[in-house]
Amino acid sequence: MLQAKPTPRWTDDHGDGAQEPEFKPLTREEAQQWRASQPVLSPWRLVGVQWLVGLLAAVLAWLLSRSVPLAVSVLYGAAAVALPSALMAYGLTSSALSRLLSGFAQAAFAGFLFWEGVKVLLSVAMLAAAVWILPEPNWMGLLIGMVLVLKVFWFGFLLQTRRPVKNG
């Protein structure tokens, strides 16, 4: 039978012998100064970049292949990501419900989950409808358009966090 070993007593040490500094809440002025130093992340800017990349990818697909069905499929794949993203950005920033719930953290989080669900369902519905909407769907082109626009989100987020902050 195995014997239980006693667990070591919890300490405030970080493993290097240093004690954790005491927590000090920020004053109102310090909190406002901290908020002013943080970059403002706009979902609308990211949605705009998604649409721009989708349009550029469709034009590039047409220029390289001279195939209109390929270019339309790339554009539709991009729209299957960018249109639901635009709807989510509207729901989180501009809808009456978002303004009503903006002061309550749990309600705002529930709103985020709701709009994320709407975004995913609309994307899936658009992909399922591609068979009926596109005259000659090119599935590889549709996939390329989707992936490019999905990856733009992370690239745009990275660019926005590196922008200088305007304290105005």
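## Considering the overall build of the protein
Helices and strands together make up the secondary structure of the protein, namely six helices and zero strands. Sequence-ordered secondary structure for the protein, helices as α and strands as β, is α-α-α-α-α-α. Buried residues in the protein amount to 24% of all 168 residues. For the protein, the share of sequence-separated contacts (at least 6 apart) that also reach a separation of at least 24 residues comes to 76%. Counting every atom, the protein has about 12700 Å² of accessible surface; 69% of that belongs to carbon and sulfur.

## Concerning a nonpolar patch on the surface
There is a patch of nonpolar side chains on the surface, built from Val59, Trp62, Leu63, Val68 and Val72 and spanning about 420 Å² of accessible area. With three residues, helix α2 (residues 43–65) is the largest single contributor of residues to the nonpolar patch. Residue class for leucine 63 comes out partly exposed when judged on its relative accessible area of 46%.

## Quick notes on the environment of glycine 77
Tracing the chain through its elements places glycine 77 in helix α3 (residues 68–93). Judged by its relative accessible area of 0%, glycine 77 is buried. Distance from glycine 77 to alanine 58, taken between C-alpha atoms, is 9.6 Å for residues 19 residues apart in sequence. Not counting the four nearest positions on each side in its chain, glycine 77 is found in contact with Leu142, Gly145 and Met146.

## As for the pattern of salt bridges
According to the stated counting rule, one finds one salt bridge in the structure shown. Lysine 119 serves as the salt-bridge partner of glutamate 116, at 3.7 Å between the closest nitrogen and oxygen. Note that glutamate 116 and lysine 119 are positioned in helix α5 (residues 105–133) at a spacing of three residues, about one turn of the helix. Its relative accessible area of 22% is what places lysine 119 among the partly exposed residues.

Cut-off values and rules
- Residue positions are given per chain, counted from 1 along the sequence in the order it is written.
- With the structure being a predicted model, the display of local features is reserved for residues of pLDDT at least 70 and the display and counting of side-chain atom pairs for 80 or more, all residues being used for whole-chain, interface and lining totals.
- In computing side-chain properties, one takes all heavy atoms of the structure into account and sets aside hydrogens as well as water.
- Strands are runs of DSSP state E lasting at least two residues, helices are runs of H or I lasting at least four, and both sets are numbered from the N terminus onward.
- Exposed residues in this analysis have more than 50% of their type's maximum accessible area, buried residues have under 20%, and partly exposed residues fall in between, with area computed by a 1.4 Å probe over protein chains only.
- Here a residue-residue contact requires only that any non-hydrogen atoms of the pair lie within 4.5 Å.
- Accessible surface area values rest on a Shrake-Rupley calculation with a 1.4 Å probe, where residue burial reflects the displayed protein chains alone.
- Each patch groups residues whose relative accessible area exceeds 30% and which form no salt bridge, using 9 Å between like charges and 5 Å between nonpolar side chains of Val, Leu, Ile, Met, Phe, Trp and Tyr.
- The term salt bridge refers to a pairing of a side-chain nitrogen on Lys or Arg with a carboxyl oxygen on Asp or Glu at a separation within 4 Å.

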